[in-house]
Amino acid sequence: MYDFAYHRPKSVADAVALLKGKEEARPMSGGMTLIPTLKQRLAKPSDVVDLGGVKELAGIKVEGGNVVIGAMTKHGDVATSADVKAHIPALADLAGHIGDPQVRNRGTIGGSVANADPAADYPAAVVALNATVTTNTGKHAADGFFKGLFETALGEGEIITSISFPKPEKAAYMKFPNPASRYAMVGVFVAKTASGVRVAVTGAGPSVFRVKAMEEALSKNFSSDAIKDIKVPATDLNSDIHGSAEYRAHLVGVMARRAVDKANK
Amino acid sequence: MTISVAMTVNGKSVSGKVEARTLLVQFLREHLGMTGTHVGCDTSQCGACVVHVDGQSVKSCTMLAVQAEGAKVTTIEGLAPSADKLHPMQEAFRDNHALQCGFCTPGMVMSAIDMVKRHNYQLDEATVRRELEGNLCRCTGYHNIVKAILAAAPAMKSAGV
């Protein structure tokens, strides 16, 4: 690891001030991706701004029909939260299957969403539940937030403060985890919401994406039978040592059907 | 960048000067000389480096020492109540022959204690196996590790730890 200047601000405002004007400064939430990246010398930040001391960023609350989760809330806390389990059990279930217990004790929702790893779980929930990502400068709708491989709509010095998930009628997440890393080879989050059915896929492509054909079919008939003949093209999907694009395309259909069945249970 | 760091390790206040990039496991092993916490993969997969930070199990190879500023850290060295008495989890590992080469054992024991507490001392085999997903035993000695954890859960409850 290259050395860097370390900062531990107590507020979002201080964190933003520390990041400002330093092109090579990086915010750090749980560090579950950043620290391994630094260890491999894949990044060389001049400054690391640790958000671990910013108390205002952690916590879960229910506001009207939304579950609002602070950016520094850990996966383990989302998985065991009585509020999340009561209002969006699919989200608690997703959080409880990220990485392993030790990773869930450190990794945060804001870090995962800001990092936009193509195989991360949370982006599927953000998109399928039509969540709103709130930052120190404004709000981002889920559609359009994830721009590509490790790329989001976040600007320079912009920090996620919370993510607001509208409560769905029904939802479920199914993933085929990589047996070693537990990252999603393919993960599909299906949600029946007030604004229609949304199907979001992570792990399969460079970034989370929706499957409109499945959404339309499920809007008419919310059952796994309704999507059994819908194929997702393998074009542009990921191919690596763990699986080909064709294999992932097939898994999208399987995971989507299982997610619908789970949501209907 | 050199930074002063202070934390509580196994009930004792410790401090030192570290680089910003110093990992918690390096601070424990190289600065404090507490080599019970192991480094296996160094890529947050194997769990040999698991310690407790403020009561929660974490991989100390994937945490900076400075992130533990002010925290209460417990390592494998801090479990036994005295020189001639082991923690119930350590005792169960010994009774059930839950170690072969022993390299993964400190991390297994630390993860296991956190697991038992999070499940309120009530575990079944499937839960133990799933909860161990962050710890690898290169000897593939999981069977007795699972047995030990199942045996330790009631022992920890009656010992009040």
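As annotated in an unreviewed UniProt entry, chain B carries the name (2Fe-2S)-binding protein and comes from Reyranella aquatilis.

Chain A is annotated in an unreviewed UniProt entry as Xanthine dehydrogenase family protein subunit M from Reyranella aquatilis.

Caption draft 1: Looking closely at the overall build of chain B. Assigned secondary structure in chain B consists of five helices and five strands. Reading chain B from its N terminus to its C terminus gives the helix and strand order β-β-α-β-β-β-α-α-α-α. Radius of gyration (C-alpha) of chain B: 15 Å, near the 15 Å computed for a compact globule of 161 residues. The dimensions of chain B, computed from C-alpha atoms along their principal axes, are 45 × 30 × 25 Å. Buried residues in chain B amount to 51% of all 161 residues. The contacts in chain B between residues at least 6 apart in sequence include a share of 57% that link residues at least 24 apart. As displayed, chain B offers around 7,300 Å² of accessible surface, 49% of which is attributable to carbon and sulfur atoms.

Caption draft 2: Quick peek at the sheet that holds strand 7 (residues 139-141) of chain A. Residue and element names in this part refer to chain A. Reading across from one edge, 4-5-10-6-7 is the order of the five strands in this open sheet, with antiparallel pairing throughout. Pairing within the sheet leaves two strands with one partner each, and these edge strands are strand 4 (60-63) and strand 7. For this sheet the average axis-to-axis angle between neighbouring strands, irrespective of direction, equals 20 degrees. As paired strands, strand 6 (residues 132-135) and strand 10 (residues 160-166) are joined by four bridges and run antiparallel to one another.

Caption draft 3: Up close: the interface of chain A and chain B. With 28 residues of chain A in contact, the opposing surface of chain B contributes 28 residues. Buried area between chain A and chain B, both sides added, is near 2,300 Å², and the carbon and sulfur share of it is 51%. Taken together, the connections running from chain A to chain B amount to four salt bridges. With a closest N to O distance of 2.6 Å, B:Lys59 and A:Asp100 form a salt bridge. Put simply, chain A and chain B have 12 residue pairs in polar contact (both at pLDDT 80 or more) between them. Secondary-structure elements contributing two or more residues to the side of chain A that touches chain B are strand 1 (5-7), helix 2 (34-39) and helix 6 (101-104) of chain A. Its residues assigned to classes, the side of chain A that touches chain B shows 11 nonpolar, eight polar and nine charged.

Caption draft 4: Fine view of unusual backbone geometry. All names here are of chain B. With phi around 55 degrees, Ser44 is a residue other than glycine that occupies positive phi space. Inspection of the secondary structure assignment puts Ser44 in the loop between helix 1 (24-31) and strand 3 (50-53). Non-glycine residue Asn120 carries a positive phi angle of around 55 degrees. Looking at the element boundaries, Asn120 is found in the loop between helix 3 (105-118) and helix 4 (125-131).

Analysis parameters
Residues numbered from 1 in each chain as written. Chains lettered and ligands numbered in written order. Predicted model: local features only at pLDDT ≥ 70, side-chain atom pairs only at ≥ 80, totals over all residues. Heavy atoms only, no water. Helix = DSSP H or I, 4+ residues; strand = E, 2+ residues; numbered from the N terminus. Rg over C-alpha atoms; globule rule 2.2 N^0.38 Å. Buried < 20%, exposed > 50% of the residue type's maximum accessible area, 1.4 Å probe, protein only. Contact = heavy atoms within 4.5 Å. Areas by Shrake-Rupley, 256 points an atom, 1.4 Å probe, with all protein chains shown as cover. Pairing = 2+ DSSP bridges. Axes fitted to C-alpha atoms, helices over the stretch in contact; angles between N-to-C directions. Buried area = accessible area lost by both parts, 1.4 Å probe. Salt bridge = Lys/Arg side-chain N within 4 Å of Asp/Glu carboxyl O. Polar contact = N/O pair within 3.5 Å; in protein donor to acceptor, adjacent residues only side chain to side chain. Nonpolar A, V, L, I, M, F, W, Y, C, P; charged D, E, K, R; others polar.

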